[in-house]
Amino acid sequence: MIMGFIFLPMLLIQCCMAALAMSQPNLTTDQYALLQFKVYITYDPLNIMSSNWSSSATSICNWVGVSCGAFHSRVTALDLPNMNLTGSLPPHLGHLSFLVSINLSGNSFNGHLPPELGKLQRLRFMDLSHNSLNGSIPDEIWLLSKLEIFRVGTNWLTGTISRNIGNLTKLRIIYIGDTKIGGKIPEEIDNLHNLEKLSIGNASLLGLIPPNIFNISSLRWIYLYTNNLFGTLPIDLCYHLPNLEELYLHKNQLNGSIPSSIHRCKKLQRLALSTNRFTGYIPRSIGNLSELTEIYLNDNEFEGEIPEEIGNLHNLEVLSVGNASLSGLIPPNIFNISSLRWIYLPKNNFSGSLPTDLCYHLPNLEFLYLYENQLIGSIPSSIGKCKKLRRLALETNRFTRYIPRSIGNLSELIEIYLSDNEFEGEIPEEIGNLHNLEVLSMGNASLSGLIPPNIFNISSLRWIYLPKNNLSSSLPTDLCYHLPNLEFLYLYENQLIGSIPSSIDKCKKLQQLALETNRFTGYIPRSIGNLSKLAEIYLYDNYLEG
């Protein structure tokens, strides 16, 4: 009996020693793997490794960026994003067998992804994005069955996407865009029933988009833009996408029509299908997407008009349907969407006039691009109520009558493009009030009279483009005193008189000077030789002397 009591404590001591013997090598294994990671670091501007990562430290669990489990003290997370680290990834990382999360994003790691990362069978989170990694994604990584978030985008990765991606059934987010990864999207991707974000934009993908992608009901974001994908969208596009918020398929070779089933994506907020080869009509059902904030359909080959149902989108901020072969009238109710910040409808065949109450309901409008259409009538004086307008582009239309003086109330205006229209009268002097103006473009616009001298006091101006009008008078003697940023001065083909001011040399940034075909007299000022950045001078067809 006494022997029994002696035996039991001895057994407990042996078990404890065995457990200690098991845990100590494991901890040493983790420490060795991390120290090898440190060896592979070639640049550490924040001195994280040298000041903190040391073998003499009491515990690796106290090292910066390292987390350990509460019970087993094994390394479970390596978290060093945006530390400006440079180096490569060692194969020893594969020995961190308890690792659940690794985040080394936003550094400058180079070289290949080590296949040994495929040994990390507990791994759920991997973010190696925004580095300089190259080579292909090792096959072993596609076998990490517990992986939920996989981010390796914004690298120099090549190769293709393995069919084994279908094994990652717990995957919620995949970001492998902004790389050189090519080939086809594997059909096995439809096994990812938990996928919320599919991001492979700006890569080198080609072929068809597997239609079963659009059956993954958990998807919230689809980013497949800037590839070489072709084919049509399925007619039941949104039947199985009740959670979709963003659909980015722009800059591909997609064709056919936009399915009318688009309206079933009830939660859709951003739709980007621009720069493809879509044809047919823009579906009227798009007006049912009440949560839509941004539409990009420009650079396609549609027919017909903008559906007036778009006026129902009361949360819309961006409407971009330029260069899309559209015609007819611009639905006036579009100009009642008070949330709009950006209206981009150039290079179509729109006709008709702008509503007189144009800016009554557009308090947030910043960009209005309607250039290269067939719009007629006058620019409404209500334009002055678009108080946040920064860029106004109405050139190459058939606008007539006077440029409204109220345009001078647009204090945030940076660029004005009104060239190639059929106005009458003068440039309103109120434009001189636009103290943030950088580009003034009113060439070939049938304008006459004087150039308001206060225009030459707008110190922010970089570009003055007023050629091919019937502008008269002389240039002010202090022409360039207040134009320190002017790069381009185009006044050719007018009726300007007098001499070229010697103050021209104060436009230190001037690159192109075009004053030809006017009635300038006197001498060419010697000070013009001080314009060190001047690349082009046009002074012919004048009455200069000397």
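Preceding this section is the structure that the text describes.
What this report covers is the structure whose coordinates are included nearby. Just so it is clear, the structure is predicted and the values come from calculations on it, not from any experiment. (Residues numbered from 1 in each chain as written. Predicted model: local features only at pLDDT ≥ 70, side-chain atom pairs only at ≥ 80, totals over all residues. Heavy atoms only, no water.)

On to the pattern of salt bridges, then. Tallied over the entire structure, the rule returns 14 salt bridges. Where Glu188 meets Arg163, a salt bridge forms, and the shortest distance between an N and an O atom there is 3.1 Å. One end of the pair, Glu188, is in the loop between strand 12 (182–183) and strand 13 (197–199); the other, Arg163, is in the loop between strand 10 (156–157) and strand 11 (173–175), with 25 residues separating them in the sequence. By relative accessible area, Arg163 is classed as exposed at 57%. Here Glu196 and Arg220 are joined by a salt bridge, their closest N and O atoms 3.8 Å apart. With Glu196 in the loop between strand 12 and strand 13 and Arg220 in the loop between strand 14 (204–208) and strand 15 (221–223), the pair connects residues that are 24 residues apart, well separated along the chain. A relative accessible area of 21% places Glu196 in the partly exposed class. Through salt bridges with shared partners, one network takes in Glu196, Arg220 and Glu245. (Salt bridge = Lys/Arg side-chain N within 4 Å of Asp/Glu carboxyl O. Helix = DSSP H or I, 4+ residues; strand = E, 2+ residues; numbered from the N terminus. Buried < 20%, exposed > 50% of the residue type's maximum accessible area, 1.4 Å probe, protein only.)

Further remarks concern the pairing of strand 14. Two faces make up the sheet, and in a regular strand the side chains alternate between them. With two bridges joining them, strand 12 and strand 14 adopt parallel strand pairing. Bridge assignment links Gly182 to a residue of strand 14, and that residue is Ser204. With three bridges joining them, strand 14 and strand 16 (residues 228–231) adopt parallel strand pairing. Opposite Leu208, over in strand 16, you have Phe230 as the bridge partner. (Pairing = 2+ DSSP bridges.)

Under the definition given, this model contains four disulfides. One disulfide in the model links Cys61 with Cys68; its S-S distance is 2.1 Å. One quick way to see it: the torsion about the S-S bond of Cys61 and Cys68 is about -100°, and its sign makes the bridge left-handed. The class for Cys68 is partly exposed, based on a relative accessible area of 21%. What links to what in the protein: the bonded cysteines, counted in sequence order, pair as 1-2, 3-4, 5-6, 7-8. (Disulfide = S-S within 2.5 Å.)

A positive phi angle is found at Asn82, which is not glycine, with a value near 55°. Relative to the helices and strands, Asn82 is located in the loop between strand 3 (75–79) and strand 4 (86–88). With phi around 60°, Asp420 is a residue other than glycine that occupies positive phi space. Within the element layout of this structure, Asp420 appears in the loop between strand 30 (415–417) and strand 31 (422–423).

Moving on to the sheet that holds strand 27 (residues 376–377). One open sheet holds the three strands; their spatial order is 27-29-31, and the pairing between them is parallel. Every interior strand has two partners, whereas the edge strands, strand 27 and strand 31, have only one. Note: strand 27 against strand 29 (residues 398–401), two bridges, orientation parallel. Bridge assignment links Gly377 to a residue of strand 29, and that residue is Phe399.

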